Amino acid sequence: MKKIALVTGASRGIGAAVARSLAGKGYAVCINYLEQQAKAEALVKELQALGCDAICHPADVADPAAVRKMVDRVERELGEVTLLVNNAGISQQQLFQHTSYEEFHRMVDVHLFGAYNCIQAVLPPMLRKHAGCIINTSSIWGSHGSSCEVAYCAAKHGLEGLSKALAQELAPSGIRVNCVAPGVIRTDMLESLGEETKAQLNEEIPMGRPGEPEEIAEAVLYLAEASYVTGQTLCLDGGFLN
Ligand code: NAP
């Protein structure tokens, strides 16, 4: 069966590393992004040069109509999605009392409703074929609390809840649902924290360094192919939570 992956938030960071790994394993890949068209198009060219079927498509995952349009295009140009990686994400560090209703809503819209929208869009053919795999990018803050990240934690906890319940519901239909939970990973999201916070975080990580996007991509590849694993969260944090 042709392997077709839709990776959201794949223009850079973890999503781009995931797209590269999947392309290396023979997947046709759709690279979703929000704004960074040049990066997404450069990645498409890179993957095509390796012989991979690749397209990119801008869509706000929080917008169900935009997601439907994206999945329609993937089905037309690549085929029906066999692997969905819900990875698109945003972060914001601030006190809860300074977090507006709109900011809190946006965080939940992108992480939780984004996953809802993408899963709803790709699910019908997976159900029909009795096969499919969904991998959601959570975080160590999907199971633990972190001050100044209440909205992010709430959204990621929701994503893990969705994943566990959906894994139960879809297992009889041959569809697996899992999460990866990265710790501190060297991407633009980490760079936005500033030097002092980054140095503090490094001290808190037993392995003494942030993870690389490629190290998360390895775990996504594992879960994509691990035929007896569902409902799990694979934590990759250099020992942070131990
Ligand atoms: P990143 O480097 O900031 O990249 C974010 C990606 O998401 C970009 O491709 C961006 O597109 C896309 N995106 C943002 N909002 C979107 C939306 N509404 N619709 C579609 N695409 C959207 O982030 P990252 O560090 O790779 O993070 C990827 C995932 O890992 C996120 O879910 C994040 O919460 C999770 N995570 C990251 C870390 C970490 O330390 N980095 C740790 C734990 C979990 P544009 O390029 O077009 O803006």
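Use the structure listed above.
Enquirer: Can you help me understand the site of the ligand in this one?
Expert: For the ligand, the set of nearby residues contains 33 residues, the closest of which are Ser11, Arg12, Glu35, Tyr152 and Thr187. Contacts to the ligand include Gly9, whose backbone N or O atom sits 3.3 Å from an oxygen atom. Alone, the ligand offers 900 Å² of accessible surface; in the complex the protein occludes 95% of this. Of all the elements in the fold, those that place two or more residues in the shell around the ligand are helix H1 (13-24), strand S2 (28-33), helix H4 (101-129), helix H5 (150-170) and helix H6 (188-191). Ranked by the residues each element gives to the shell around the ligand, the list is headed by H4, at three residues. In terms of residue class, the shell around the ligand is built from 14 nonpolar, 13 polar and six charged.

Enquirer: I would appreciate a short explanation of the packing of H1 against helix H8 (residues 213-225) in the present structure.
Expert: Between two packed helices, what matters for the description is the angle formed by their axes and the separation of those axes. Remark: H1 packs on H8, axes separated minimally by 8 Å, with the N-to-C direction vectors making an angle of 50 degrees. Considering the angle they form, H1 stands oblique to H8. H1 and H8 meet at a crossing whose hand is right-handed. On H8, the residues that touch Gly13, Ile14, Ala17, Val18, Ser21 and Leu22 of H1 are Pro213, Glu214, Ile216, Ala217, Val220 and Leu221.

Enquirer: What is the right way to read helix H2 (residues 37-49) from this model?
Expert: Each α-helix winds once per 3.6 residues, and so residues spaced three or four apart point in a common direction. Between the first and last C-alpha of H2 there are 18 Å, a value that for 13 residues agrees with the 18 Å anticipated at 1.5 Å per step. Taken together, the buried residues of H2 touch H1, S2 and strand S3 (54-58). Taken from the residues just after H2, Gly51 is the one with a positive phi, measuring 95 degrees.

Enquirer: Whenever I open this one, the pattern of salt bridges confuses me. Can you help?
Expert: Pairing between side chains of opposite charge can happen when the charged atoms of each approach one another. Going through the model one piece at a time under the given rule, you end up with 14 salt bridges. A salt bridge links Lys3 to Glu225; its shortest N-O distance comes to 3.8 Å. Within this pair, whereas Lys3 is found in the segment before strand S1 (4-7), its partner Glu225 is found in helix H8, the two being separated by 222 residues in sequence. Between Asp188 and Arg12 there is a salt bridge, with the nearest N and O atoms lying 2.8 Å from each other.

Enquirer: Looking at this structure, how should I read the sheet that holds strand S7 (residues 233-236)?
Expert: An order of S3-S2-S1-S4-S5-S6-S7 is seen for the seven strands of this open sheet, with the pairing classed as parallel. Strands with a single pairing partner mark the edges of an open sheet, and in this sheet they are S3 and S7. The sheet shows a mean angle of 15 degrees between the axes of neighbouring strands, direction not considered. Its contacts with the sheet put H4 on S1, strand S4 (83-86), strand S5 (132-137) and strand S6 (175-182), and the angle it makes with S4 is roughly 175 degrees.

The rules we used
Residues numbered from 1 in each chain as written. Predicted model: local features only at pLDDT ≥ 70, side-chain atom pairs only at ≥ 80, totals over all residues. Heavy atoms only, no water. Near = heavy atom within 4 Å. Polar contact = N/O pair within 3.5 Å; in protein donor to acceptor, adjacent residues only side chain to side chain. Areas by Shrake-Rupley, 256 points an atom, 1.4 Å probe, with all protein chains shown as cover. Helix = DSSP H or I, 4+ residues; strand = E, 2+ residues; numbered from the N terminus. Nonpolar A, V, L, I, M, F, W, Y, C, P; charged D, E, K, R; others polar. Axes fitted to C-alpha atoms, helices over the stretch in contact; angles between N-to-C directions. Parallel < 35°, antiparallel > 145°, perpendicular 65-115°, else oblique. Left-handed = near helix turned anticlockwise from the far one by under 90°. Contact = heavy atoms within 4.5 Å. Expected span 1.5 Å × (residues − 1). Salt bridge = Lys/Arg side-chain N within 4 Å of Asp/Glu carboxyl O. Pairing = 2+ DSSP bridges.

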